[in-house]
Amino acid sequence: MADASFKDAPKKPSPDGLDRPDGAGAQDSDDWSWAGPGLRQGRLRVRTLIAQRWLTVAGQSVTVLFCGLVLDRQIPYALCFSLIALSAWLNVLIGLASTGQRLARDVEATAQIAFDILQLSGMLYLTGGVYNPFSLLLIAPVTLAAATLPARYALGLGVLAVIATIVLAFLYMPLPVAVGVSPPRPEASLMSGIVAARILGIVVTGLYAWQAATESARMELALNVTETVLAREQRLSALGALAAAAAHELGTPLATISVVAREMARGAPDEQTREDAELLIGQAARCREILQRLTEMPEAQDAVHERMSLTQLVHEIIEPHMIHGVRVEAVVNGPSGESAPDVWRRAEVIHALTSIVENAVDFARSEVIVVARFDPRSILIEVRDDGPGFSPEVLAKLGEPYVTSRPGAEGSRTGHIGMGLGFFIAKTLLERTGAAVDFRNGRRGGAVVAARWPRPAMEAPGFIGV
């Protein structure tokens, strides 16, 4: 279990949308097209851009009027309001050309934000350049771009803002002052500090917003995949119950067909009719055998399907993985003299623990042990292997989506290279059932993954009257 990449992590695209194409990990980090509609990073509504620009128009207008009329500063009204009107006209044209509910394409959103940066730079040029305290607002459009656009577009807008900051340090009209007062002339050292602070603010804030947005998008995608996995498991579980019901309902008509066919065979007027009746008897018997196998499957037990003993649960978890040349063993421990409790059959628990065992088998040297312990207060299921264990860098981030442990997954029996999404799904599914999930390296080596539930969260009460 040295890797955070589970075998159930996607390898090929599938109709249910769970899988990521091979080599997707090597794609550009801003390409989210494989994630499906609505999850690709870099989608802004036109309405959002328009509303943000109207807010800018209102803010700039109020600021210019306040500084000019209340503070009695010498403001170049004609030029300032010309730039403000330019933003307003752009909003009007965009609003007439398209519906606000439409999603803006990446290039379109980038062009609009670039316009906002240039328009703000023009306002700052007219009012003191970077010496104007409002030059700090150049950070705002870069932050919006970093949070909503792919990295290459956000980087381009960040570079544009930095260039504008540097240019405004040398080219600008004097800072508006009161009538009769000389504009201040900033010292070179002060100007250098202001420029450095503005550039640092643009870079740090942009990186912070990009990182937060990227993690949010990844988490949203991973949770969506988790919901899809759970829905699939629940559909399979429901299909098993339906198979049990069908087996029960079809038993009676098949028995009737068999009885009638035997009577036809005994009273057949010729050899051909007798052979047809015997064929009918054989096919009916074959149908009964198929239905019998369905009812014997754990997935297809109707009322009993909803509950199982703790021992049955751990054996069902390890059964698919006992064919890989690794000894897989299940142990159930509890208070002396007390039998293992019955637990609810939950698709999410079985899927999650099966994934954990599968990963343990993939990286174990020779054995994997699944230990189930119960006491009056809790139920614990622990998966241990004798492999190399989790690497320190993976252990620090395990449980996050898309954690990968090593480039080629050396040591994996399958050579599987995963995204770490499998462990995230397993952990999320277990936590939704009330489990506390813990992962660590064992004292004697190997990896350990444990899930502990309060006993009432897992235990199925006994049948009344049975």
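Located above this text is the structure these notes cover.
Below you will find a few notes about this structure.

Thresholds, definitions, all that
- Residues numbered from 1 in each chain as written.
- Predicted model: local features only at pLDDT ≥ 70, side-chain atom pairs only at ≥ 80, totals over all residues.
- Heavy atoms only, no water.
- Helix = DSSP H or I, 4+ residues; strand = E, 2+ residues; numbered from the N terminus.
- Buried < 20%, exposed > 50% of the residue type's maximum accessible area, 1.4 Å probe, protein only.
- Contact = heavy atoms within 4.5 Å.
- Areas by Shrake-Rupley, 256 points an atom, 1.4 Å probe, with all protein chains shown as cover.
- Patch = residues over 30% accessible without salt bridge, like charges linked within 9 Å, V, L, I, M, F, W, Y side chains within 5 Å.
- Salt bridge = Lys/Arg side-chain N within 4 Å of Asp/Glu carboxyl O.
- Axes fitted to C-alpha atoms, helices over the stretch in contact; angles between N-to-C directions.
- Parallel < 35°, antiparallel > 145°, perpendicular 65-115°, else oblique.
- Left-handed = near helix turned anticlockwise from the far one by under 90°.
- Nonpolar A, V, L, I, M, F, W, Y, C, P; charged D, E, K, R; others polar.
- Core = buried A, V, L, I, M, F, W, Y, C linked by side-chain atoms within 4.5 Å.
- Pairing = 2+ DSSP bridges.
- Expected span 1.5 Å × (residues − 1).
- Disulfide = S-S within 2.5 Å.

Take the overall build of the protein next. Helix and strand counts for the protein come out as twelve helices and nine strands. The burial tally for the protein puts 43% of its 466 residues in the buried class. Contacts in the protein between residues far apart in sequence, at least 24 positions, make up 74% of those at least 6 positions apart. Working note: accessible area of the protein is about 24,200 Å², and carbon and sulfur atoms make up 62% of it.

This part is about a nonpolar patch on the surface. Nonpolar side chains collect at one region of the surface, where Tyr125, Leu155, Val159, Ile163, Ile166, Val167, Phe170, Leu171 and Tyr172 lie side by side and expose about 870 Å² of accessible area between them. With five residues, helix 5 (residues 151-168) is the single largest residue contributor to the nonpolar patch. Secondary-structure assignment places Leu171 in the loop between helix 5 and helix 6 (188-266). By relative accessible area, which is 52% here, Leu171 ends up exposed.

This part covers the packing of helix 2 (residues 77-97) against helix 3 (residues 106-126). Two elements in contact, helix 2 and helix 3, have axes separated by 9 Å at closest approach and are oriented at 165 degrees. The orientation of helix 2 relative to helix 3 falls into the category roughly antiparallel. Crossing of helix 2 against helix 3: the hand is left-handed. Note on element contacts: helix 3 touches helix 2 through Gln112, Phe115, Gln119, Gly122, Met123 and Leu126, opposite Leu79, Cys80, Leu83, Ile84, Leu86, Ser87, Leu90 and Ile94. A class-by-class count of the residues in the contact of helix 2 with helix 3 yields ten nonpolar, four polar and no charged.

Attention now moves to the nonpolar core. Ranked by size, the top nonpolar core spans 42 residues in total, and within it Leu310, Leu313, Leu353, Val368, Ile381, Leu430 and Trp453 carry the most contacts. Secondary structure elements with two or more residues in this core: helix 8 (310-318), strand 4 (327-333), helix 9 (347-363), strand 6 (367-374), strand 7 (378-385), helix 11 (421-432), strand 8 (436-441) and strand 9 (447-454). By residue number, the principal contributor to this core is helix 9, which donates eight residues. With residues up to four places along the chain from it excluded, the contact list for Leu310 reads Val332, Ala340, Pro341, Val343, Ala372, Phe374, Ile379 and Ile381.

Below, the discussion takes up the sheet that holds strand 9. Strand order in this open sheet of five strands is 4-6-7-9-8, and the pairing throughout is mixed. Each having just a single partner strand, strand 4 and strand 8 make up the two edges of the open sheet. Neighbour-to-neighbour, the strand axes of the sheet open up by a mean angle of 15 degrees, direction not taken into account. Relative to strand 7, strand 6 runs antiparallel, the two sharing seven bridges. For Val370, the partnering residue across the bridge sits in strand 7 and is Val383. Relative to strand 7, helix 9 is tilted by about 25 degrees, and along the sheet it contacts strand 4, strand 6, strand 7 and strand 9.

Moving on: the pattern of salt bridges. One pass over the structure, following the stated rule, counts 13 salt bridges. Between Arg53 and Asp116 there is a salt bridge whose closest N-O contact spans 2.8 Å. Linking Arg53 in helix 1 (residues 46-70) with Asp116 in helix 3, this pair joins segments that are 63 residues apart in sequence. Neither residue differs from the other here; Arg53 and Asp116 are each classed as buried. Notably, a salt bridge pairs Glu329 with Arg327, separated by 2.3 Å at the nearest N-O pair.

Turning next to helix 9. For helix 9, with 17 residues, the first-to-last C-alpha span of 25 Å sits near the 24 Å given by 1.5 Å per residue. Most of helix 9 is tucked away: 17 of the 17 residues are buried.

This brings us to the state of the cysteines. Tallied over the full model, the rule gives zero disulfides. With no disulfide of its own, Cys67 lies closest to Cys80 among cysteine sulfurs, the gap being 9.7 Å. Here Cys80 falls in the buried class, since its relative accessible area comes to 0%.

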